[in-house]
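Chains, contacts and geometry: an overview
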Amino acid sequence: MKHLFLVRHAKSSWADETLSDRERPLNARGESQLAPLANALKATGAFESEIFSSDATRAIATLEGALPDSVPPERCQQLGELYTFDYQRLLGWLEQRDDSRITLVGHNPALLELAQWLLKQPPEQLPTASFIHIRLSIKHWHQIGRGKGILVALMTPQDYSYAHFERKLKKKARTAGDNPATDIPEALHHQLSRLRQLERGVVLGLDDEFLHQYRIAIRRSRAITESVQEVTGDKALAKAVKTLKRHARATGPLRDLHVFLQDLPELCGDNSEIRAALQIWFEREAANRHKKLVKRLQSKRYHDSMEHWLNLIDSRKFQKLAGTLGPKDIRKAVERRIKEFNRWTAELMHTSPDEDLHRLRKQLKRIRYLMELDAKTWKTELKTLKSRQQLYGQFQDLHMQIDLLDQFRKAAPEVLPAALSGIAKTLEDRKADARKQILTLGGLDGAPL
């Protein structure tokens, strides 16, 4: 069995016309592709191979920028013969190898045409900083043949990096769906389309931001639908809201783990031992949660629910219901929710359980999403609301981090209890400070300026 990773160099610069093609460096976008590319290559096992690159400046820079510290540079070879745009030359080079796994950083069209020759159902494109993993059921490379390869993975920057995913979407951006109050069905189509586009990044799990944005798209969909349901009282919409809520809830535990892992370096300070212990344990927990979420997203039940959701949005009944929701209805719904929020806030005390603050946080989200249905009217209030929501979000994150740390302490009571107590004290103090700030904020104004 042989494994072949074909990696196209990152985006290069044409700014200096005095340079030969071989000498061209990476441009700013190419540099920004390296860190996420490194993460994706590591996750797929590309660095477990023998590593070769063209001797062109852009190929060398791509390999050096993506290579983990754990891989010694002497394991990598730069070969002039790999600076080629002819796939047959690469094929001839491969036939002389005896390695079981090979990672090759090179150039198009040679890489793409080699993949197209090896695969029965080949990709049509291989953008910069993309790679293909091909498996071949052969004992020796000289047995390589047309159509003998099996595609294991094809990843582009927009698959493994949310920043590049978003950049790609912005190039194709439309204004449709940006103003829900103008066209609610179109706004929901916009969010559904975004959900489906984000699913691949969530499933791959190489950039936490895909999951965060997926959760936002679900919550926006739910908020818009709740608004229509609140005005119309339609039971079918209530059922749809419940389904969206269930999908959002399924992503929560993994998102909490992502946030905690991001905060670990700062929480652990110079204590590398406790940081390593916590990171290993919580990364394993996150991996298990990710597997469960992937199974869910790939299930028939999930896909059926998305299909049902699409059919509901497209139905004449929903079109008619959505048409009944105007700016005045949005305003009334916002004012009603603000009144409820203010009543709960007035009842809040220093001794109130955390759940009371979580309830207020959720209400803030609903108010914000309602306002965003008519964002121009509520522009000033939205700025204030987002700031306040961030504080409530910090309180929620701290609450969850304390709970996660307690889980670890119960699972591994022998691991540096003094250090863990110090981290727990830090989290408790921060949560108490966040609670104090929340209590001083008071209620919200009920009408736009």
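Quick summary incoming for the structure in this document. (Residues numbered from 1 in each chain as written. Predicted model: local features only at pLDDT ≥ 70, side-chain atom pairs only at ≥ 80, totals over all residues. Heavy atoms only, no water.)

**Considerations on the overall build of the protein**
Scanning the protein for helices and strands turns up 16 helices and 6 strands. Seen through its principal axes, the protein has C-alpha atoms that stretch 75 × 60 × 50 Å. If you take every contact in the protein between residues at least 6 apart in sequence, the share linking residues at least 24 apart comes to 73%. As displayed, the protein offers around 22800 Å² of accessible surface, 49% of which is attributable to carbon and sulfur atoms. (Helix = DSSP H or I, 4+ residues; strand = E, 2+ residues; numbered from the N terminus. Contact = heavy atoms within 4.5 Å. Areas by Shrake-Rupley, 256 points an atom, 1.4 Å probe, with all protein chains shown as cover.)

**Here's the deal with the environment of Ile216**
Residue placement: Ile216 occurs in helix H8 (residues 208–232). For the pair Ile216 and Gln191, spaced 25 residues apart in sequence, the C-alpha separation works out to 9.2 Å.

**Let's talk about H8**
Given a rise of 1.5 Å per residue, 25 residues ought to cover 36 Å, and the 37 Å separating the end C-alpha atoms of H8 matches this to within 8%. Sitting at the amino-terminal end of H8 is Asp207, which places a side-chain oxygen 3.0 Å from the backbone nitrogen of Glu209. Looking at the residues trailing H8, positive phi occurs at Gly233, about 70 degrees. (Expected span 1.5 Å × (residues − 1). Polar contact = N/O pair within 3.5 Å; in protein donor to acceptor, adjacent residues only side chain to side chain.)

**A few points about the pattern of salt bridges**
As enumerated under the stated definition, the model contains 19 salt bridges in all. Salt-bridge contacts for Arg222 lead to Glu226; the nearest nitrogen and oxygen are separated by 3.4 Å. With Arg222 and Glu226 both in helix H8 and 4 residues apart, this pair spans about one turn of that helix. Per residue, the accessibility class of Arg222 equals that of Glu226, and both read buried. Between Lys300 and Asp304 there is a salt bridge; the shortest N-O distance is 2.7 Å. Taken together, the residues Lys300 and Asp304, both in helix H11 (residues 300–314) and 4 residues apart, mark about one turn of the helix. Accessibility expressed as a relative area gives 62% for Lys300, which makes it exposed. Classification of Asp304 by relative accessible area gives partly exposed; the value is 38%. Overlapping salt bridges bring together Asp21, Arg24 and Arg58 as one network. (Salt bridge = Lys/Arg side-chain N within 4 Å of Asp/Glu carboxyl O. Buried < 20%, exposed > 50% of the residue type's maximum accessible area, 1.4 Å probe, protein only.)

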